[in-house]
Amino acid sequence: GGPYIRTFAASYPDQVAGMVLLDSQPNTAFTKLPDYSSNYRIIRPASALFAPLARLGVFRLASMSSFGSLPPQSRDLERATQSTAELQRGARDEFAKMPAILKQASALTNLGDRPLVVVTAMLDSQSGWLPLQDDMLSLSSNSSHRVLANTEHLALIEDQTSAAIASQAIREVVASVRTGTPLAEP
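About the thresholds
- Residues numbered from 1 in each chain as written.
- Predicted model: local features only at pLDDT ≥ 70, side-chain atom pairs only at ≥ 80, totals over all residues.
- Heavy atoms only, no water.
- Helix = DSSP H or I, 4+ residues; strand = E, 2+ residues; numbered from the N terminus.
- Rg over C-alpha atoms; globule rule 2.2 N^0.38 Å.
- Buried < 20%, exposed > 50% of the residue type's maximum accessible area, 1.4 Å probe, protein only.
- Contact = heavy atoms within 4.5 Å.
- Areas by Shrake-Rupley, 256 points an atom, 1.4 Å probe, with all protein chains shown as cover.
- Lys, Arg positive; Asp, Glu negative; His and termini not counted.
- Charge placed at Lys NZ, Arg CZ, Asp CG, Glu CD.
- Core = buried A, V, L, I, M, F, W, Y, C linked by side-chain atoms within 4.5 Å.
- Polar contact = N/O pair within 3.5 Å; in protein donor to acceptor, adjacent residues only side chain to side chain.
- Salt bridge = Lys/Arg side-chain N within 4 Å of Asp/Glu carboxyl O.
- Pairing = 2+ DSSP bridges.
- Right-handed = clockwise from strand over helix to strand, strands pointing away.
- Axes fitted to C-alpha atoms, helices over the stretch in contact; angles between N-to-C directions.
- Parallel < 35°, antiparallel > 145°, perpendicular 65-115°, else oblique.
- Left-handed = near helix turned anticlockwise from the far one by under 90°.

(A) Structural context of the overall build of the protein. For the protein, the count of helices and strands is 10 helices and three strands. If you list the helices and strands of the protein from N to C, you get α-β-α-α-α-α-α-α-β-α-β-α-α. For 186 residues, the compact-globule estimate of 2.2 N^0.38 gives 16 Å, and the protein sits close to it at 18 Å. Each principal axis of the C-alpha atoms in the protein carries an extent, and together these give about 55 × 35 × 30 Å. In the protein, which comprises 186 residues, the share counted as buried stands at 36%. Considering only contacts within the protein whose residues lie at least 6 apart along the sequence, 70% involve residues at least 24 apart. When the accessible area of the protein is evaluated, it comes to approximately 10600 Å², of which 57% is carbon and sulfur surface. Averaging the coordinates of the 16 positive side-chain charges in the protein and doing the same for the 17 negative ones gives two points 8 Å apart.

(B) The arrangement of the nonpolar core in detail. Grouped together as the largest cluster of nonpolar side chains are 11 residues: Ala 9, Val 16, Met 19, Leu 21, Leu 108, Leu 111, Leu 116, Val 118, Met 136, Leu 137 and Leu 139. Counting residues per element, the ones that place at least two in this core are strand S1 (19-22) and strand S2 (116-121).

(C) Spotlight on the side chain of Asp 23. Note that Asp 23 resides in the loop between S1 and helix H2 (29-32). Polar contacts involving the side chain of Asp 23 include one to the side chain of Trp 129, which spans 2.9 Å. One polar contact links Asp 23 to His 153, side chain to side chain, over a distance of 2.7 Å. With residues near it in sequence (within four places) discarded, Asp 23 still touches Val 119, Thr 120, Ala 121, Trp 129, Gln 133, His 153 and Leu 156.

(D) Structural detail: the pattern of salt bridges. Throughout the structure, instances matching the rule amount to three salt bridges. In this structure, Asp 76 and Arg 75 form a salt bridge, with 3.0 Å as the shortest nitrogen-oxygen distance. Residue classification places Asp 76 among the partly exposed residues on the basis of a relative accessible area of 39%. Judged by its relative accessible area of 21%, Arg 75 is partly exposed. Arg 146 is the partner of Glu 172 in a salt bridge, and the nearest nitrogen-oxygen pair spans 2.6 Å.

(E) Representation of the pairing of strand S3 (residues 143-148) in the model. In terms of strand pairing, S2 meets S3 through six bridges, oriented parallel. Note on S3: the bridge partner recorded for Val 118 is His 145. Considered for its hand, the β-α-β crossover made up of S2, helix H8 (residues 129-136) and S3 is right-handed.

(F) Spotlight on the packing of helix H1 (residues 2-11) against helix H7 (residues 85-105). For the pair H1 and H7, interaxial distance at closest approach is 9 Å and the crossing angle is 40°. By the angle between their directions, the pair H1 and H7 is classed as oblique. Classified by chirality, the crossing of H7 by H1 is left-handed. Residues Pro 3, Tyr 4, Arg 6 and Thr 7 of H1 touch H7, and the partners they reach there are Glu 94, Ile 101, Leu 102, Gln 104 and Ala 105.

This is how it looks when you write it as C-alpha cells:
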C-alpha cells in the first residue's frame, strides 16, 4: 500500500496531515534492491497463473495454515479472501503495473514537517531493504523509524505484538498532528 499512499500524498497534499508507512516498497526497488528485478522477472509471468489456480482451489489449500494468529472469524475471512480468483487477478494486474506504480509514487518528494513514521520488518526483507527504508525518512523533517528485527512483513497485521507497534505508530502520528508537536523518538 505504501506506493499508493505516496501517490495520493503527491496528488492531494492538502489532504494529508501525516503518514505511516508499514514496510513500504521503495520507489527505487528495481534499481537499488539487488534481487528485485530478477524476482520480478519470475513472478510477473507466473502471476498470470494465479487466478486459474485459485479457481482450482490451490490458494485455498495453500492458505489453510496462514493467518493462524488472527482471531478465528478474521482468520477464516482472510483465508477465504486470499483464495478468490478475483483477488489473484488483482495481484496479477498489480505485478504487471509495478514499474508504473513505483514511478507514480516517486512524485512525492516532500511532506514538509508533517509527521511520518516508517515501520520496517526485517526478518524476511531483501538485501538492501533497510537503507531504502531509511531513505523514506527524508520525505519529512518530522520523521521516525521503527525497525523490527524479528518481524516479517505480514506480521505487521497478523501478529498481535507487531500489529500493536504498527497501531502505536498511527496513534503517534495522529497525536503529533492534533497537538502540533514533533514525533518523539521510539
